[in-house]
Amino acid sequence: MKMPTRLQNEANKENLLINMGPSHPAMHGTIRIMLELDGEKILNSEVEVGYLHRGFEKTCEHKTFFNLLPYTDRLNYVSPLINNLGYVMTMEKMLGIEIPERSQYIRVILCEMSRVSDHLTALAAMTMECGAFTAFLYYIQAREELWTIIEETTGARMTTSYIRIGGVRADLHPDIKTRLAKATKINRRVLKDNHGLLDKNRIWIDRTRDVAVVSPKMAVDYGFSGPCLRASKVNYDVRKAQPYLVYDQLDFEVPLGDNGDNYDRYLVRMKEMEQSLRIIEQCLNKIPKSSGPDELMLKGLEPEDVIKTSRSKRVEDTVKLSPNLEGSEKVKYPGILTKDKKYIVPPKEDTYTSIEGLINHFKFFMKGNGIRPPKGDVYFSVEGGSGEVGFYIVSDGTDKPYRLHLRGPCFHIVSALEEMIKGHYVADVIPTFGSVNMIGGELDR
Amino acid sequence: MEIKKVIEELKVKFKDDITEFSKQFGDDVIRVKRESLLDIVRFLKKTPHNFAMLLDLTCVDYMGEEPRFEMVYHLYSISNKNRLRIKIRLAEDDLKIDSLTPLWGNANWLEREVFDMFGVHFIDHPDLRRLFMYDGFEGYPLRKDYPLRKRQPIIPMRYEDAD
Amino acid sequence: MELDMVGSPDGGFFTSKLDRAVGWARKYSIFQYPFVTACCGMEYMSAACAHWDFDRFGVGMTTFSPRQSDMLFVVGTITQKEAPVLRTVYEQMCEPKWVIACGACTISGGIYDNYAVVQGIDKIIPVDVFIPGCPPRPDTILDAIEKLQDKIQYQQQDWRWKSKK
């Protein structure tokens, strides 16, 4: 921290050096930008990262494949289900598992809800820092509606660990169609209001049009992906280029921008949210029915009686489980999890009433056993909120990964930030940085 | 252009430099000698192969094997939708490799990260410094012989850990 | 919730009543400095906005200058690289000042026990209220603000001739 930085060495001695430090309201908390100024114009800049480096890759080498799922939630913490999905699909590619169709639709619904909440948070932060406080409050209200539904389905508002290897953890709420219909209606109203507030607003256009223009060649050169690449008119979306899950059966468009400036990045995100809401509605119409009854399992035998009876003879009736296991009863398993028993947690009815279930449970969780993929390395990527989220996993046959590497999309976009703000004013740094949507957990890992 | 044709052309043009062609879980992987990295990558970047995007650049530490480190590059072509993985092995006492900064802009920060975490030196890199760790940090954290919990605090703590 | 009197008042009836009055004034107008780094920041944003608004409790004024604030709200993981920054910000604040540590990472390092994370911010600065959770729900954050307000009301206020350690 005491050595002079590159900017201090290179800068002209007469120009002013300013530090937008690590604890700054508009820096999303964890980045340091040093600027060399001539009046208010930026001549040169340097970006310093690493203030949220939490040692994710090294920690994962010491945890088993099942145990490291909560660490993946906290990477891109505004859309945690998409990181879960990226990791889990990489493991499924390595292990060669087939998952049932209902669970694929459930994954798509939750991922699109996560993507909408990512764009809402990004635009909320960007507009608040420019001064549009009303737009920020409307966006957060829309996000609360989605997070309430995510909490009813997965159990947590944010860091969910819901998408697991082999499927998902629990089935959807039986009343999900009406609740999601209400949430999408509120989201559409919020999007319409914000289009009216910002699209033709003189102040917004003056602050974001023709600022930090990124040409298509520069975008591909720096490895951009996601909305920032599509705002520069390059058509690359992982959901269309290498379709995974059921995206090839759904009908949605990929919006493109014109110039590649901040205004286009804002507009592409707004249009993508509309497309995500369309995908959610199509999925709710096409999803296959769940195996097992629709109403909540509040009837059945008491657990203590079942455990006592199972000591002498096998029990086949339904058991009344505790409320936090709702959705993951044995009767729902064929719809949500794969048939291959080696990679999933067995249902609780089997674990407590039969010896095979107990042995399955024991072998899954015991250190040294559990999920042991074949030797080799694999790379797979999904479309995240900021771009292409890729996982590269090297396995050596044991139950822990030998090396796990995340290809974070924000890393490549922020590495181009120094070039994007050159020649603009100090006040242009704020909307530029907001439109880039830097998330510290993904940038620094 | 299909990925099979790309591999055929590479076999014809660079038969001495590429030591191994394989397929891992459906991905195409080539193993390359260190000196010919820049030539192969320049050939792949031009038309008609069009591998215009450097997706990722990382390193793996195989402690106990000789040579110890392995650099892994992922390339992607937007127009042809092809993916390719390039691997190079480096020995511990000769940890240098050519830098890809003249070809791609994001190679700058990616190589700084690999230098910070593993200690690999990149020839002709314009500004090779630590990226994530702070000045005064000794050692390379992601190597296998660096212990997980060895902390090097910058400012004095008010009390120590109980363990 | 009425706490018992914290610390014995030396001086008698009038100084203790004065302590209470000053405490009442201080607790309903807290200027906070949100030191937001990571995932808990999303729940902090939710606690600040329409549904769980903490402006009704008097904590709504977020200043972004430590010299004009009296509560430091540390939200998110603090790494070894960020620790000097946190210490500098804390030392720039004027007395009287309070600190709330939000989230498991600030209490004890959370799920990250490795080379890069400080295992609890009370190794760097003294803390008044700890909020557990990963991340804590916005309701929990509001509960913590109420507990801090109780502490401010019933603590022995610092006067110019004696300072709080």
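Attention here is on the structure that accompanies the text. The numbering scheme is per chain: residues are counted from 1 as the chain's sequence reads. Both sets of labels track the order of writing: A upward for chains, 1 upward for ligands. Only residues with pLDDT of at least 70 are given local features in this predicted model, and only at 80 or more are side-chain atom pairs given and counted; all residues enter the totals for whole chains, interfaces and linings.

Quick notes on the overall build of chain C
What counts as a helix is a DSSP run of H or I of at least four residues, what counts as a strand is a run of E of at least two, and both are numbered from the N terminus. A count of helical and extended segments in chain C gives five helices and four strands. Secondary structure elements of chain C occur, N-terminal to C-terminal, as α-β-α-β-α-β-α-β-α. Counts of 20 or more other C-beta atoms within 10 Å of a residue's own C-beta define buried residues, counts of 12 or fewer define exposed ones, and intermediate counts define partly exposed ones; C-beta atoms are placed from the backbone. Here chain C holds 165 residues, and 44% of them are scored as buried. Contact between residues is assigned whenever the C-beta positions, reconstructed from backbone atoms, fall within 7 Å. When contacts within chain C are restricted to residue pairs at least 6 apart in sequence, long-range pairs at least 24 apart make up 80% of them.

Digging into the nonpolar core
Ranked by size, the top nonpolar core spans 197 residues in total, and within it Tyr139 of chain A together with Val74, Ile100 and Cys102 of chain C carry the most contacts. Looking at which element gives the most residues to this core, the answer is helix α5 (residues 101-130) of chain A, with 16 residues. In contact with Cys102 of chain C, other than residues within four places in its own chain, are Cys40, Tyr44, Phe73, Val74, Val75, Ile131, Pro136 and Ile141 of chain C. For the purposes of this analysis, a nonpolar core is taken to be any set of buried Ala, Val, Leu, Ile, Met, Phe, Trp, Tyr and Cys residues that are connected through C-beta atoms within 7 Å.

A word on the interface of chain C and chain A
Each side of the interface is counted separately: chain C has 30 residues, and chain A has 27 residues. For the side of chain C that touches chain A, the secondary-structure elements that each account for two or more residues are β1 (32-36), α2 (40-48) and α3 (83-92) of chain C. Considering every element that reaches the side of chain C that touches chain A, the biggest residue donor is α2 of chain C, with five residues. Residue polarity follows a fixed list, in which Ala, Val, Leu, Ile, Met, Phe, Trp, Tyr, Cys and Pro are nonpolar, Asp, Glu, Lys and Arg are charged, and the others, Gly among them, are polar. Counted by class, the side of chain C that touches chain A contains 19 nonpolar, eight polar and three charged residues.

What to know about the sheet that holds strand β2 (residues 27-32) of chain B
Where strands meet in a sheet, backbone hydrogen bonds hold them as pairs that are either parallel or antiparallel. All names here are of chain B. Any two strands between which DSSP finds at least two bridges are classified as paired. Reading across from one edge, β1-β2-β5-β4-β3 is the order of the five strands in this open sheet, with mixed pairing throughout. Because the sheet does not close on itself, it has two edges, and the strands there are β1 (18-24) and β3 (53-61). Each strand of the sheet is rotated relative to its neighbour by a mean of 20°, with strand direction disregarded. Judged from the eight bridges that link them, β3 and strand β4 (residues 69-77) form a sheet pairing that is antiparallel. In this analysis an axis means a line fitted to C-alpha atoms, helices contributing only their contacting stretch, and an angle means the value between N-to-C directions, from 0 to 180 degrees.

Things to note about the interface of chain A and chain B
Between chain A and chain B, the contact holds 34 residues from the first and 29 residues from the second. The set of elements that each furnish at least two residues to the side of chain A that touches chain B consists of α2 (56-60), α4 (80-95), α9 (216-221), β6 (376-383), β7 (388-395), β8 (403-407) and α17 (409-415) of chain A. Sorting elements by how many residues they give to the side of chain A that touches chain B places β6 of chain A first, with four residues.

Concerning helix α7 (residues 176-198) of chain A
All names here are of chain A. Taking 1.5 Å of rise per residue, 23 residues should cover 33 Å, and α7 covers 32 Å from first to last C-alpha, within 8% of that figure. Listing the buried residues of α7 in full gives Leu180, Ala183, Thr184, Asn187, Val190, Leu191, Asn194 and Leu198. Taken together, the buried residues of α7 touch α5, α6 (133-154), α8 (202-208) and α12 (262-286). To estimate how far a helix should reach, multiply one less than its number of residues by 1.5 Å.

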